[in-house]
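Observations on the three-dimensional arrangement
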Amino acid sequence: MQLSLAKQSKQTAEEAAQATSPLAIRGLTVSYGEKPAVFSVDMTVMPGQMTAIIGPNGAGKSTMLKAALGIVAPVSGRVQVFGRPLDHQRGRVAYVPQRASVDWDFPTRVIDVVMMGLYRDLGLLGRIRASHRRIARDCLDRVGMGEFAGRQIGQLSGGQQQRVFLARALAQGADLYLLDEPFAGVDAATEKAIIGVLKMLRAEGKTVVVVHHDLATVRDYFDNVFLINTRKVAEGPVETAFTAETLQAAYGGRLATAQIDQIATSA
Ligand code: ADP
Ligand code: MG
């Protein structure tokens, strides 16, 4: 009797965590060919916090985000956004893809890229109003790119483009922000601008999930980590889940032991 009660309350706690989590993933397996890129992964993102997804190249980090967004179809598993299937919640989720995956051959002005974040609001036939333009301008200002509104996106540096994509996500007014390596190959000014905006979003109660490659800044930037190498390796607060052991388990021989010790102990 006692045993079954304990089991029951554990189940209820698990259900409650899933219902309130901005992003709850259960049993996710994704495969592009025969070998799974993500295997049987569970993840429960904490609301109002910043979480880093960490793991070696090819670990399945981008695939996890894409599966969470319905961009790739999983073999199995379930994704819930704020306790409901993604289809009901799309407007609440903003995504900033990995920069290399975007091709800007077609001439597009910066302000128009940001306006794309408002399309859900505008609707296909909606008129672009002055108020929408103002929102887009505000979002560009927030990422320090206000002066570039009229420029062609293709003429900007990689870091500047990355800030514009973040402005587009801001324009969407989402509650959950998923970013894929936003700091990869950007200049110091861009990194500072982006982390400033992400911390501001957190202060507003928004939830931020970032695929992150720089182990040296994890402690400084994030509340939680999710370590993956095809399978989940560890998940939890940085203090308990970002350790020499979990890094070793995620990276294996791909990071020198000395490097791992240094990263995991430098507070
Ligand atoms: P990460 O973002 O952690 O570097 P990815 O999620 O991009 O890893 O990739 C995980 C695995 O899936 C890798 O082995 C990669 O080569 C493979 N993969 C990713 N995208 C595709 C694709 N579109 N087609 C085939 N294989 C892919
Ligand atoms: Mg990736």
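Higher on the page you've got the structure.
Residues numbered from 1 in each chain as written. Chains lettered and ligands numbered in written order. Predicted model: local features only at pLDDT ≥ 70, side-chain atom pairs only at ≥ 80, totals over all residues. Heavy atoms only, no water.

Tracing the backbone shows Asn224 in strand 9 (residues 224-229). Among the polar contacts made by the side chain of Asn224, one reaches the side chain of Gln49 at a distance of 2.6 Å. If we skip the residues at most four places from it in the chain, Asn224 touches Met46, Gln49, Met50, Thr51, Ala52, Gly236, Pro237 and Val238. (Helix = DSSP H or I, 4+ residues; strand = E, 2+ residues; numbered from the N terminus. Polar contact = N/O pair within 3.5 Å; in protein donor to acceptor, adjacent residues only side chain to side chain. Contact = heavy atoms within 4.5 Å.)

Spatially, 6-7-8-3-9-10 is the arrangement adopted by the six strands of the open sheet, whose pairing is mixed. Two strands lie at the open edges of the sheet, namely strand 6 (93-96) and strand 10 (231-237), each paired on one side alone. Within the sheet, the average angular offset between the axes of one strand and its neighbour, ignoring direction, is 15°. As defined by bridge partners, strand 3 (residues 50-54) adjoins strand 9 across four bridges and the pair is classed as parallel. The residue bridging Ile53 from the neighbouring strand is Phe226, located in strand 9. On the sheet, helix 6 (residues 158-172) packs against strand 6 and strand 7 (176-180) and is oriented at approximately 170° with respect to strand 6. (Pairing = 2+ DSSP bridges. Axes fitted to C-alpha atoms, helices over the stretch in contact; angles between N-to-C directions.)

With that settled, the discussion passes to the site of ligand 1. All residues adjacent to ligand 1 are Tyr32, Ala37, Pro56, Asn57, Gly58, Ala59, Gly60, Lys61, Ser62 and Thr63. In this structure, Ala59 approaches ligand 1 through a main-chain N or O atom, which is 3.1 Å from an oxygen atom. Note that an oxygen atom of ligand 1 is positioned 2.5 Å from one of the side-chain N or O atoms of Thr63. Against a free-state accessible area of 560 Å², the protein chains account for coverage of 54% of ligand 1. The leading source of residues in the shell around ligand 1 is helix 2 (residues 61-68), at three residues. (Near = heavy atom within 4 Å. Areas by Shrake-Rupley, 256 points an atom, 1.4 Å probe, with all protein chains shown as cover.)

Judged by which residues are buried, strand 6 turns out to be covered on both faces: Val93 and Tyr95 on one side and Ala94 and Val96 on the other are all buried. Relative to strand 7, strand 6 is paired through four bridges, and the arrangement is parallel. In the strand pairing of strand 7, Val93 is matched with Leu176. (Buried < 20%, exposed > 50% of the residue type's maximum accessible area, 1.4 Å probe, protein only.)

If you walk through the whole model with that rule in mind, you get seven salt bridges. Salt-bridge contacts for Glu204 lead to Arg142; the nearest nitrogen and oxygen are separated by 3.2 Å. With Glu204 in the loop between helix 7 (188-203) and strand 8 (207-211) and Arg142 in helix 5 (residues 130-142), this residue pair connects regions lying 62 residues apart in the sequence. For Glu204, a relative accessible area of 45% puts it in the partly exposed group. The shortest N-O distance in the salt bridge between Glu235 and Lys232 comes to 2.8 Å. Owing to a relative accessible area of 32%, Glu235 belongs among the partly exposed residues under this scheme. Look at the salt bridges and you will find they share partners, linking Arg92, Asp175 and Lys206 into a network. (Salt bridge = Lys/Arg side-chain N within 4 Å of Asp/Glu carboxyl O.)

It is worth spelling out the environment of Ser40 at this point. In this structure, Ser40 sits in strand 2 (residues 36-44). Judged by relative accessible area, Ser40 falls into the partly exposed class, the value being 44%. With 12 residues separating them along the chain, Ser40 and Leu28 place their C-alpha atoms 4.8 Å apart. Beyond its immediate chain neighbours, meaning those up to four positions away, Ser40 contacts Gly27, Leu28 and Thr29.

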